[in-house]
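# Residue-level structure breakdown
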Amino acid sequence: MEDINLWELPFVALEDRNSLPDEPCVYLAIDKDNSVLYVGMSDNLRQKWKNHPKLEALSRLEGVKISYIRTEVELLRKLENALIKVFKPPLNLTEAPKKGIAALREKMGLTQKQLGDLVGVDTSTIRNWEYGKGSETFAKVARLCKVLECDIEDLFEEEAV
């Protein structure tokens with residue numbers, strides 16, 4: 001891993017994915033800010049990206065590229081796991097609940113960082129919300145709106161939401 005410089009790997013823009021090699025590779029989907037969004041593997045990279053499960057979500061983002069590392073089939077899983085461990089790409093995380101904020105965020109095709117930037121909080125806050133930390137506050141605000149028969153915007157003098 002120490003010898004791999006991810007920013008010097010071959011890559012193609014997501015929209016040019018048909019020019020990917022048709023050989024065994026571990027690949028990284030990287031956004032325009034050079035954040036690794038997803039890591040995967042395939043014994044035929046070009047074929048994998050014809051109907052990739054993350055294609056729709058990644059297509060909503062600007063400047064996504066697919067970087068890749070050619071390797072032997074026997075090493076695909078080991079290299080993929082090592083890269084996931086190092087980069088912790090948000091689209092690889094399976095522990096996050098697929099309901100509530102996480103489901104809504106994914107439906108919009110946003111990473112935790114992107115949602116945090118839009119809301120004005122850091123990625124760890126979004127991650128905490130998705131894991132239910134702080135959800136008691138949301139529940140109390142929802143109850144407050146129900147009791148007062150109002151929308152959340154009505155609770156604040158200025159538009160806070």
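Look up: the structure comes first, before these words.
The structure reproduced in this document is the subject of the present report. (Residues numbered from 1 in each chain as written. Predicted model: local features only at pLDDT ≥ 70, side-chain atom pairs only at ≥ 80, totals over all residues. Heavy atoms only, no water.)

## Here's the deal with the packing of aromatic side chains
For any pair of aromatic rings, geometry is given as the distance between the ring centres together with the angle between the planes. Counted only if it meets this: Ring pairs shown here join Phe, Tyr and Trp side chains whose ring centres sit within 6.5 Å, with only the six-membered ring taken for Trp; geometry is labelled stacked below 30 degrees between planes, edge-to-face above 60, and tilted in between. Secondary structure counts use DSSP, requiring at least four H or I residues in a row for a helix and at least two E residues in a row for a strand, with both numbered from the N terminus. Relative accessibility thresholds used throughout: buried, under 20% of the residue-type maximum; exposed, over 50%; partly exposed, between the two (1.4 Å probe, protein chains only).
One pass over the structure, following the stated rule, counts 3 aromatic pairs. Plain terms: the ring middles of Tyr27 and Tyr38 are 6.2 Å apart, the flat faces sit at 35° to each other, and that makes the pair tilted. One end of the pair, Tyr27, is in strand β2 (residues 25-30); the other, Tyr38, is in strand β3 (residues 36-42), and 11 residues separate them in sequence. Classification of Tyr38 as buried rests on a relative accessible area of 13%. An angle of 75° between the planes, with centres 5.2 Å apart, marks the rings of Trp129 and Phe138 as edge-to-face. On the accessibility criterion, Trp129 (25% relative accessible area) is partly exposed. Of the residues examined, Phe138 reaches a relative accessible area of 40% and is grouped as partly exposed.

## Section: the sheet that holds strand β1 (residues 11-13)
The cut-off we apply is this: One requirement defines pairing of two strands: DSSP has to find at least two bridges between them. Orientation is described by axes fitted as lines to C-alpha atoms, over the contacting stretch for helices, and by angles from 0 to 180 degrees between their N-to-C directions. For this analysis, residues touch if any pair of their heavy atoms sits within 4.5 Å.
The 4 strands lie next to each other as β1-β4-β2-β3, forming an open sheet whose pairing is antiparallel. One side of each edge strand has no neighbouring strand; the edge strands of this open sheet are β1 and β3. The mean inter-strand angle of the sheet, taken between neighbouring strand axes irrespective of direction, is 20°. By the bridge criterion, 3 bridges tie β1 to strand β4 (residues 65-70) in an arrangement that is antiparallel. In the strand pairing of β4, Ala13 is matched with Lys65. Packed onto the sheet, helix α3 (residues 76-87) meets β2, β3 and β4 and runs at close to 170° relative to β3.

Distances and angles like these do not, on their own, reveal function.
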